[in-house]
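Per-entry structural report
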Amino acid sequence: MIRKICGKSVTGASHIRAEKPCQDSYKCLELSDTVTVLAVADGHGSERCPYSKTGSQIAVNTFCSVIKNLLTGCEEHDHPLDFLMSYLNREGELRIAQTIEEEWKNRVWKAHRKHKRDKVLDAEEKLDLDSVYRQYGTTLLGLLITPEFLFGFQLGDGDILRIDAEQVQPVIMADKILGTETHSLSSRTAWKKAITAMRSRDETAESPHLYLMSTDGFANSYPSTEAFEQTCREYFEMIQEHGFETVAGNLKDWLNETSEQGCGDDITVVMAYYC
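All values reported here derive from a predicted model rather than from experimental measurement.

Procedures and definitions
Within every chain, residues take consecutive numbers counted from 1 along the sequence as written. pLDDT decides what is reported in this predicted model: residues at 70 or higher carry local features, side-chain atom pairs at 80 or more are listed and counted, and totals for whole chains, interfaces and linings draw on all residues regardless. Heavy atoms from the whole structure form the basis of all side-chain values; hydrogens and water molecules are not counted. When DSSP finds two or more bridges between a pair of strands, those strands are recorded as paired. Numbering goes from the N terminus for both helices and strands, where a helix is a DSSP run of H or I of at least four residues and a strand is a run of E of at least two. In this analysis an axis means a line fitted to C-alpha atoms, helices contributing only their contacting stretch, and an angle means the value between N-to-C directions, from 0 to 180 degrees. Between the first and last residue of a helix there are one fewer steps than residues, each counted as 1.5 Å, and that sum is the expected span. Any two residues whose heavy atoms approach within 4.5 Å are treated as being in contact. As used in this record, nonpolar core signifies buried Ala, Val, Leu, Ile, Met, Phe, Trp, Tyr and Cys residues forming a set joined through side-chain atoms within 4.5 Å. Between buried and exposed lies partly exposed: a residue is buried under 20% and exposed over 50% of the maximum accessible area for its type, with that area taken using a 1.4 Å probe on protein chains only. Angle categories: roughly parallel below 35 degrees, roughly antiparallel above 145, roughly perpendicular from 65 to 115, and oblique for all the rest. Helix crossings are classified by the rotation of the near helix relative to the far one: an anticlockwise turn of less than a right angle makes the crossing left-handed, while a clockwise turn makes it right-handed. Note on residue categories: nonpolar means Ala, Val, Leu, Ile, Met, Phe, Trp, Tyr, Cys or Pro, charged means Asp, Glu, Lys or Arg, and polar means any other residue, Gly included. Centres within 6.5 Å are what make two rings of Phe, Tyr or Trp a pair, Trp counting through its six-membered ring; a difference in plane orientation under 30 degrees is then read as stacked, over 60 as edge-to-face, and the rest as tilted. Distance and angle both matter: a charge sits over a ring if NZ of Lys or CZ of Arg is within 6 Å of the ring centre and within 35 degrees of the ring normal. Criterion for a salt bridge: a side-chain nitrogen of Lys or Arg within 4 Å of a carboxyl oxygen of Asp or Glu.

**Some remarks on the sheet that holds strand β2 (residues 24-30)**
- Taken in spatial order, the five strands make up an open sheet running β2-β3-β4-β5-β8, and their pairing is antiparallel. Here the strands that pair on one side only, and so sit at the sheet edges, are β2 and β8 (195-200). With direction set aside, neighbouring strand axes in the sheet form an average angle of 10°.
- As paired elements, strand β4 (residues 140-145) and strand β5 (residues 149-155) share six bridges and run antiparallel to each other. Each residue of the ladder has a partner; that of Ile 145, found in β5, is Leu 150.

Structure below.
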């Protein structure tokens, strides 16, 4: 199948009015003609998280780096993707999540020192790393797409969907979190809040379909889950009718309009279309 990928981040309408920068980040990594890694992160942007844009950038880079290293480590096996699929089935929600949390925190601490930002001390005048990490707080969504399987990762809010002519289906059935709080990579033992999913996939037998990842500003701009999923279906239908390049070229304007008419939050959407 032919693979087409695009992604856009827009600053939320309310953030523009408040002169706040976009806290979202995304990354698309095409490791081969058939293997793709996608990541989306939403920095919290609160007063307690002044560097959450940096945190979200580090998060997407971390996910892509961890998955790429896993793939590289499997190359010595006769069937690398089969070996990786078995490993992710066993260890995805535990060891992979722990690795991502540890690597993100290592990179955050390195960035904090590089920029010579204030060290936070606890009541005993000892370095308080939890408070440092909190300043970079972010969510993280990740997706590995291979011809044989799909691996999804989620820590915090946002959506990962698979869309075709028949249905809109969540890749991960994540619990919706009430209020403004969300799970964060900055939390102690954040890996315990991560959710993963493995899906078998036979690319040669599939009809045209779309993977769509988005930060919560997208879904929160609609009055219901049904209205949000209907919009995602319409994106797929527009791709089929007008072409992927046309939709990709208009995506930023559409997301700006969605934020303005919706919740006013930052919005990031990444799409991978297969036909």
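**What to know about helix α6 (residues 225-242)**
- Taking 1.5 Å of rise per residue, 18 residues should cover 26 Å, and α6 covers 25 Å from first to last C-alpha, within 8% of that figure.
- For α6, the secondary structure elements touched by its buried residues are β6 (159-163), β9 (209-214), α5 (216-219), α7 (244-261) and β10 (267-274).
- Among the residues trailing α6, Gly 243 stands out with phi positive, at a value near 100°.

**A few points about the nonpolar core**
- Counting residues in each nonpolar core, the largest one holds 38 residues, and the members touching the most others are Leu 88, Leu 140, Leu 144, Phe 151 and Phe 153.
- Mapped by element, the contributors of at least two residues to this core are β3 (36-42), α2 (52-74), α3 (80-114), α4 (129-134), β4 and β5.
- No other element matches α3, which puts 11 residues into this core.
- Other than its neighbours up to four places away in sequence, Phe 153 contacts Phe 63, Ala 97, Ile 100, Leu 140, Leu 141, Gly 142, Ile 160, Ile 172, Ala 194, Ile 195 and Thr 196.
- If you look at the next biggest cluster of nonpolar residues, it comprises 23 residues, including Val 10, Val 168, Leu 251 and Met 271.

**Points about the sheet that holds β9**
- Overall, antiparallel pairing links the five strands, which are arranged β1-β10-β9-β6-β7 in an open sheet. Of all strands in the sheet, those with a lone pairing partner are β1 (3-10) and β7 (168-170), marking the two edges. Averaged over all adjacent pairs, the angle separating strand axes in this sheet is 20°, with direction ignored.
- Strands β6, β7, β9 and β10 of the sheet are contacted by α6, whose axis makes an angle of about 50° with β6.

**Let's talk about the packing of α2 against α3**
- The contact between α2 and α3 brings their axes to 8 Å, and the two run at 140°. Considered as vectors, α2 and α3 are oriented oblique to each other. Where α2 crosses over α3, the handedness of that crossing is right-handed.
- Looking at the contact of α2 with α3, its residues break down into 18 nonpolar, five polar and two charged.

**Some points on the packing of aromatic side chains**
- Scanning all chains against the criterion turns up 10 aromatic pairs.
- For the ring pair Tyr 211 and Tyr 274, a centre distance of 5.9 Å and an interplane angle of 80° mean the geometry is edge-to-face. Pair noted here: Tyr 211 is in strand β9 and Tyr 274 is in strand β10, with a separation of 63 residues, a long-range link.
- A relative accessible area of 1% places Tyr 211 in the buried class.
- Judged by centre distance (6.1 Å) and plane angle (10°), the ring pair of Phe 244 and Tyr 273 falls under stacked. With Phe 244 in helix α7 and Tyr 273 in strand β10, this residue pair connects regions lying 29 residues apart in the sequence. Taken as a pair, Phe 244 and Tyr 273 share a single burial class, namely buried.
- Among the aromatic residues, those joined into a cluster by ring pairs are Phe 218, Tyr 222, Phe 228, Tyr 235 and Trp 254.
- The ring of Tyr 51 has Arg 117 sitting right over it, with the charged end atom 3.8 Å from the ring centre.
- Its guanidinium or amino end placed over the ring of Tyr 274, Arg 201 lies 4.6 Å from that ring's centre, counting from NZ or CZ.

**Section: the pairing of β3**
- Here β3 lies mainly inside the structure; seven of its seven residues are buried.
- Where burial is concerned, the two faces of β3 agree: the one with Thr 36, Leu 38, Val 40 and Asp 42 and the one with Val 37, Ala 39 and Ala 41 are both buried.
- Pairing of β2 with β3 involves seven bridges; the strand directions are antiparallel. The residue bridging Leu 29 from the neighbouring strand is Val 37, located in β3.

**Describing the pattern of salt bridges**
- The final tally for this structure, using the stated rule, is 10 salt bridges.
- Its salt-bridge partner being Glu 30, residue Arg 3 comes within 2.9 Å of it at the nearest N-O pair. On the criterion of sequence distance, the pair formed by Arg 3 in strand β1 and Glu 30 in strand β2 is long-range, its members being 27 residues apart.
- Arg 17 is the salt-bridge partner of Glu 260, the closest N and O atoms lying 3.5 Å from each other.

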